[in-house]
Amino acid sequence: MSPTPPISVALNDLLRQTTALQHELAASVNRVLASGWYILGRECAAFEAEFAAYCGVPHCITVANGTDALELALRGLGVGPGDTVATVANAGGYSTTAIRAVGAEPLYIDIDPSSMNMSAADLAGRLTPAVRAVIATHLYGRMADLPALLAVAGRAAVPLVEDCAQAHGAAIGGRKAGSWGALACFSFYPTKNLGALGDGGAITTNDPQLAQRVKSLRQYGWNGKYRCAEYGRNSRMDEMQAAILRAKLPHLDGWNARRRQIAATYSAALAANGVDCPRDFGENYVAHLYVVRSQARDRVRAALAARGIATDIHYPVPDHLQQAARGTPAAAAQLPATEQAAGEILTLPCYAELKDEEISAVVGALQTLAQEARVG
Ligand SMILES: Cc1ncc(COP(=O)(O)O)c(C=O)c1O
């Protein structure tokens, strides 16, 4: 009898979800094909209503992707050249891209090392009158400390934009991500907890005026057909993606529960071995990414790769240290917690369709490494 080959575990496998939902997705696509209407039609309007209800807000405006959502949110708030926007430097650079796109300058706030989200204490010490907005990212699916951040921003009368691209369905005290900020931005990139089969994004808000402005900005700045009130963008969601997202939305809570369960299984094995890993699996964490920290990160990563387990680093280079930032005021930011985390973080496979035997393979490999004292 030949020995069973070792399991190799990928970081993600999008085909599994597409296959599991193939009938629902095919019905959605066929409905759009038969409709004869392909941009901003009934499917978009229905998804906007359904996603707004899911987030607990009155308004949702779909756009082409999550980065556009951030840019249009800033433009909706009137942020432009000469303004400063506070954000974090450890969240993949998407907020920085949007801040730069509107001609503003990022002000990087350090992270709280325990959550890896924006530190309210650091924000409190760094808000100046030049700061016109704060973008708080719910990184890895863990909600930022919005009560504290909103208190700090509110004292300075600065609006806060949530970046919920990794946190669909997370909540604090039953109040969902996307319902706290002046505006909130979502990405439906295929790997997200709620992912399209292409690009997609959305902005949610409680504010009818901001909703109206963003709606106009996503379509050339029109306030009526062919009537331009101000210059905007072309950033629309297509009907196919909206129909696909409508089919997937009812599954989101179940997928999030499975992600949390996988994260809790990993942490139960790792915490016992003293590894720095997520410890809280309540409603405020939807396990978009399961990230551990280790001073021996690169060795652990190589050892896991040798056992067939894929990992990644989200994200290896903080925004202020990127080549593109050279020569800008933001490049001089002092962010000790952000920089230390960048050298230690490691993302393990965590997605809803991961099989039990794959989870066991990851746990087994990590336990072996921890027992060899090579993780911590
Ligand atoms: C935290 C965060 N913000 C914004 C984005 C940008 O979204 P998109 O890729 O749809 O532009 C992403 C994902 O890519 C993200 O992870």
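Asker: An account of the pairing of strand β14 (residues 290-293) is requested, with residue identities and associated values reported.
Answerer: Neither face of β14 is open: one carries Tyr290 and Val292, the other Val291 and Arg293, and all of them are buried. As paired strands, β14 and strand β15 (residues 345-348) are joined by four bridges and run antiparallel to one another. Its bridge partner lying in β15, Val292 is registered against Leu346.

Asker: An account of the site of the ligand is needed here, citing residue identities and associated values.
Answerer: Taken together, Asn65, Gly66, Thr67, Tyr94, Thr137, Asp163, Ala165, Gln166, Ser187, Lys192 and Tyr315 make up all the residues around the ligand. Between the ligand and Gln166 there is a distance of 2.9 Å, counted from an oxygen atom to a side-chain nitrogen or oxygen. In the model, an oxygen atom of the ligand is placed 2.7 Å from a nitrogen or oxygen of the Ser187 side chain. Protein burial of the ligand: of its 380 Å² of free accessible surface, 92% is covered by the chains. Taking a 2 Å distance to the grid points as the criterion, the majority of the atoms of the ligand fall inside the largest pocket. In terms of residue class, the shell around the ligand is built from three nonpolar, six polar and two charged.

Asker: Explain the side chain of Ser119 residue by residue, including any values.
Answerer: Along the chain, Ser119 falls in the loop between β5 (117-118) and α6 (120-126). Given a relative accessible area of 12%, Ser119 falls into the buried group. Here Ala121 takes part through its backbone nitrogen, which lies 3.3 Å from a polar atom of the side chain of Ser119. A distance of 2.9 Å separates the side chain of Ser119 from the backbone nitrogen of Asp122, its partner in a polar contact. Ignoring anything within four residues of it in the chain, the contact list for Ser119 reads Ile109, Asp110, Ile111, Asp112 and Leu149.

Asker: Could you give me a rundown of the pattern of salt bridges, with the residues and numbers involved?
Answerer: All chains considered together, the criterion is met by 17 salt bridges. One salt bridge connects Arg233 with Asp68, and the closest N-O pair in it is separated by 3.1 Å. Here Arg233, found in the loop between β13 (227-228) and α9 (239-248), pairs with Asp68, found in helix α4 (residues 66-76); they are 165 residues apart in sequence, far enough to count as distant. Residue Asp68 is classed as buried on the basis of its relative accessible area of 9%. Connected through shared salt-bridge partners, Arg31, Glu43, Glu50 and Arg246 make up one network.

Criteria and cut-off values
Residues numbered from 1 in each chain as written. Predicted model: local features only at pLDDT ≥ 70, side-chain atom pairs only at ≥ 80, totals over all residues. Heavy atoms only, no water. Buried < 20%, exposed > 50% of the residue type's maximum accessible area, 1.4 Å probe, protein only. Helix = DSSP H or I, 4+ residues; strand = E, 2+ residues; numbered from the N terminus. Pairing = 2+ DSSP bridges. Near = heavy atom within 4 Å. Polar contact = N/O pair within 3.5 Å; in protein donor to acceptor, adjacent residues only side chain to side chain. Areas by Shrake-Rupley, 256 points an atom, 1.4 Å probe, with all protein chains shown as cover. 1 Å grid on protein atoms, 1.4 Å probe; cavity = no way out; pocket = protein on both sides within 12 Å on 5 of 7 lines; lining within 4 Å. Sits in = over half its atoms within 2 Å of the grid points. Nonpolar A, V, L, I, M, F, W, Y, C, P; charged D, E, K, R; others polar. Contact = heavy atoms within 4.5 Å. Salt bridge = Lys/Arg side-chain N within 4 Å of Asp/Glu carboxyl O.

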